[in-house]
Amino acid sequence: MSTNKSLFSNLKYDFPAGLVVSLVALPLCLGVALASTGRSDLLFSGIIAGIVGGIVVGLISGSSLGVSGPAAGLVVIVLTALETLGSFESFLLAVVIAGILQVIAGLLKAGVIGYYFPSSVIKGMLAAIGITLILKEIPHAFGYDADFMGDENFSQKDGNNTFTELYYAVRYSSVGAIIISVVSLGLLLLFDRPFMKRIQLFKFLPGALFVVLIGIALNILFSNIAPEWVLSGEHLVQLPVASNSQEFFSFFKTPDFSALGKVEVYTVAITIAIVASLESLLSVEATDKLDPFKRDTPTNRELIAQGIGNVTSGLIGGLPITQVIVRSSANIASGGRTKMGTIVHGTILLLSAIFIPKYLNFIPLSALAAILLLVGYKLAKFSLFIGMYKLGKEQFVPFVVTVVAILGTDLLKGIAIGMAVAIYFILRKNYKHSYHYKKEAHKDGEVITLILSEEVTFLNKGSIGATLEHLPENSTVVIDGTKSLNIDYDVLEIIQDFKNHSAPLRNITVETKGISDVASVGGH
């Protein structure tokens, strides 16, 4: 089945998915904006980033299912940058420059970095994000909304962490929020049943939209039967509402180009460009793994799309953008098939912010938490852990380490730790399998054949050196490089040294096949 013939050919799947993603993205955009800036008057900067991430990046990107917007991973960077630069307008200039740097990186083919993340680490990232979503959304489901929706870090600014927040969520829970989240979760599970898909109405009405409407209705009902259960203020979506068009346009800001001479602006821009690019490439790899049609996203084009998105967002007052795995996962879980889903989500965010902001502010966060709890469960199913365990420790250990490291730190630090463990196993495997060791009986003594693999790099230097060192005295060794396409100078040097110096002292006869002398290699 083709899913790329036309942007509109799969609209019956992409429109409901885009609608669900927009509902999920709304509180995430607002939460990231509040956490990033610390200012309620800049909440709309998160919505601008979500709109640009959906429409602008969606149109340019080659990703079929990836959804972009403001990311929790950039919160600390943005907050620190605002303190360093002194004004939001100067920060916007840094976002524009960061976008230009990303475009340049894409044109220079730097997107190839995305292909070097091991599968075990990417799957660990997905599982960790799923578990993080569950742990972080439970407080919102209980009506304890001290932290912003979309927060991914283990440690909180108030001194608490992911696990202590669960204690406070139970201690300060809200009956109304619990009822709404339980009913919402039940309805979502019901909507996931195959028989519901056969009902004509629910082929087009996403379960998440139905859940949001029921959540609003229940909260209104509480005001009549149990006023103490009613959710208000921080327990609801809090989208800025403009009283007129002039006030609406005041939400948009422009960069302070007079700050072009500040060195700090370029430091911030480089930091944003690197972190945003890494997060986007990680999300691309993860999203492609979740894609039921197994399509590959062109990573260089993705960097260019993200760069243009950041230039656009910075020019009109938005936060920096990355591709975000939570929103991308919600898109996939909701049945999205092409990038029309992310474009629809951006368009709905834009139209909603213009025409119905006050109605969106009736949505309880506990209803949205139920949607994200289900997304988290689908990312971190127990079957994923069983499947990785069956692949052996070389896959399972980096996978588990990545999960634990992300849960205990944040996304990028966790990935770095997982990568270190995965690279250790890769080097270990490389160390063991750089050659084939063959021993055979011979009337004049023992003959040992070392058949080198196709690619012999400096990484194999240690294992080959150790093998040569432990060869028995008075033996004959044949080092066969006829099947090798490339043998690094480091390895050739070890072989040559052994042949000319170590072997004669131990009465070992050395024969080489298809291996150049070090002298000729050194002469290049």
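(A) Fine view of the overall build of the chain. When helices and strands are counted, the chain shows 23 helices and eight strands. Based on the C-alpha atoms only, the size of the chain along its principal axes is roughly 100 × 60 × 50 Å. Taken over 524 residues, the chain has a buried fraction of 52%. Residue pairs in contact within the chain that sit at least 24 positions apart in sequence constitute 80% of those at least 6 positions apart. Surface summary for the chain: the accessible area is close to 23,500 Å², and the carbon and sulfur share equals 63%.

(B) Highlighting the layout of surface pockets. Reported here for the largest pocket is a volume of approximately 710 Å³. For the largest pocket, the lining is made up of 32 residues, of which G31, A35, A146, D147 and F148 are closest to its centre. Sorting the residues of the lining of the largest pocket by element identifies α1 (11-37) and α3 (75-85) as the ones contributing at least two each. With five residues, α1 is the largest single contributor of residues to the lining of the largest pocket. Taken together, the residues of the lining of the largest pocket break down into 16 nonpolar, seven polar and nine charged.

(C) Broad picture of the packing of aromatic side chains. Counted by the stated rule, this structure contains 19 aromatic pairs. Geometrically, the ring pair formed by F44 and F248 is edge-to-face, given 5.6 Å between the ring centres and 80° between the ring planes. In this pair, F44 is assigned in helix α2 (residues 44-60) and F248 in helix α11 (residues 245-250), connecting sequence segments 204 residues apart. The exposure classification of F44 matches that of F248, with both residues buried. On the basis of an interplanar angle of 70° and a centroid distance of 5.6 Å, the ring pair of F248 and F252 is categorised as edge-to-face. Under the relative-accessibility criterion, F248 is labelled buried at 11%. Put simply, the rings of F44, F248, F249, F251 and F252 touch in pairs and so form one group of aromatic residues. Of note, R337 hangs over the ring of Y13, and the distance from its end group to the ring centre comes to 3.6 Å.

(D) Quick look at helix α22 (residues 489-505). Its 17 residues give α22 an end-to-end C-alpha distance of 24 Å, which sits within 8% of 24 Å, the value for a rise of 1.5 Å per residue. In the structure, α22 departs most strongly from a straight axis at F498, where the bend amounts to approximately 45°. Of all the positions in α22, only V491, L492, I494, I495, Q496, F498 and A503 are classed as buried. Phi turns positive one or two residues past the end of α22, at N507, with a value near 55°.

(E) Quick peek at the nonpolar core. With 113 residues, the main nonpolar core has I47, F91 and L368 as its most contacted residues. Per-element tally for this core: the top contributor is α1, with 13 residues. The residues touching L368, leaving out its near neighbours within four places in the chain, are L23, P27, M149, V212, V237 and I363. Counting 19 residues, the second-largest nonpolar core is a separate cluster that includes L450, L452, L471 and I508.

(F) Inspection of the packing of α3 against helix α4 (residues 88-107) at higher detail. Axis separation between α3 and α4 bottoms out at 8 Å; the angle between their running directions is 120°. Between α3 and α4, the interaxial angle falls into the category oblique. Judged by the twist between their axes, the crossing of α3 over α4 is right-handed. Where α3 abuts α4, its residues V78, A81, L82 and L85 lie against F88, S90, F91 and A94. The residue makeup of the contact of α3 with α4, split by class, is seven nonpolar, one polar and no charged.

(G) The arrangement of the side chain of K339 in detail. Structurally, K339 is set in the loop between α14 (325-333) and α15 (340-355). Buried and unpaired, K339 has E302 as its nearest opposite-charge partner, separated by 8.5 Å. With sequence-adjacent residues up to four places away left out, K339 is seen in contact with L7, G58, L59, I60, S61, S63, S64 and R301.

(H) Expanded view of the side chain of S36. As for its position among the elements, S36 is in helix α1. On the basis of relative accessible area, S36 is assigned to the buried category, the value being 1%. Apart from residues no more than four positions distant in its own chain, S36 is found in contact with V75, V78, L79, L82 and L319.

(I) Molecular detail of the pattern of salt bridges. In the structure shown here, the tally under the stated rule is four salt bridges. Its salt-bridge partner being K413, residue D410 comes within 4.0 Å of it at the nearest N-O pair.

(J) Molecular detail of the environment of A269. Summarising the element assignment, A269 is placed in helix α12 (residues 263-290). Taking the relative accessible area as the measure of exposure, A269 reaches 0% and is therefore buried. In this view, A269 contacts A94, I97, A98 and L101; residues no more than four positions away in its chain are not counted.

(K) Spatial organisation of a nonpolar patch on the surface. On the surface, I100, L101, I104, L108, V112, I113, Y115, Y116, I270, I274 and L278 cluster together to form a nonpolar patch covering roughly 1,100 Å² of accessible area. Sorting the residues of the nonpolar patch by element identifies α4 and α12 as the ones contributing at least two each. Relative to the helices and strands, L108 is located in the loop between α4 and α5 (119-142).

What counts, and where the lines are drawn
- Residues numbered from 1 in each chain as written.
- Predicted model: local features only at pLDDT ≥ 70, side-chain atom pairs only at ≥ 80, totals over all residues.
- Heavy atoms only, no water.
- Helix = DSSP H or I, 4+ residues; strand = E, 2+ residues; numbered from the N terminus.
- Buried < 20%, exposed > 50% of the residue type's maximum accessible area, 1.4 Å probe, protein only.
- Contact = heavy atoms within 4.5 Å.
- Areas by Shrake-Rupley, 256 points an atom, 1.4 Å probe, with all protein chains shown as cover.
- 1 Å grid on protein atoms, 1.4 Å probe; cavity = no way out; pocket = protein on both sides within 12 Å on 5 of 7 lines; lining within 4 Å.
- Points joined across faces, edges and corners; volume = space filled by probe spheres on them.
- Nonpolar A, V, L, I, M, F, W, Y, C, P; charged D, E, K, R; others polar.
- Phe/Tyr/Trp six-rings, centres within 6.5 Å; stacked < 30°, edge-to-face > 60°.
- Lys NZ or Arg CZ within 6 Å of the ring centre and 35° of its normal.
- Expected span 1.5 Å × (residues − 1).
- Bend = angle between axes of the 7 residues up to and from the residue.
- Core = buried A, V, L, I, M, F, W, Y, C linked by side-chain atoms within 4.5 Å.
- Axes fitted to C-alpha atoms, helices over the stretch in contact; angles between N-to-C directions.
- Parallel < 35°, antiparallel > 145°, perpendicular 65-115°, else oblique.
- Left-handed = near helix turned anticlockwise from the far one by under 90°.
- Lys, Arg positive; Asp, Glu negative; His and termini not counted.
- Salt bridge = Lys/Arg side-chain N within 4 Å of Asp/Glu carboxyl O.
- Patch = residues over 30% accessible without salt bridge, like charges linked within 9 Å, V, L, I, M, F, W, Y side chains within 5 Å.

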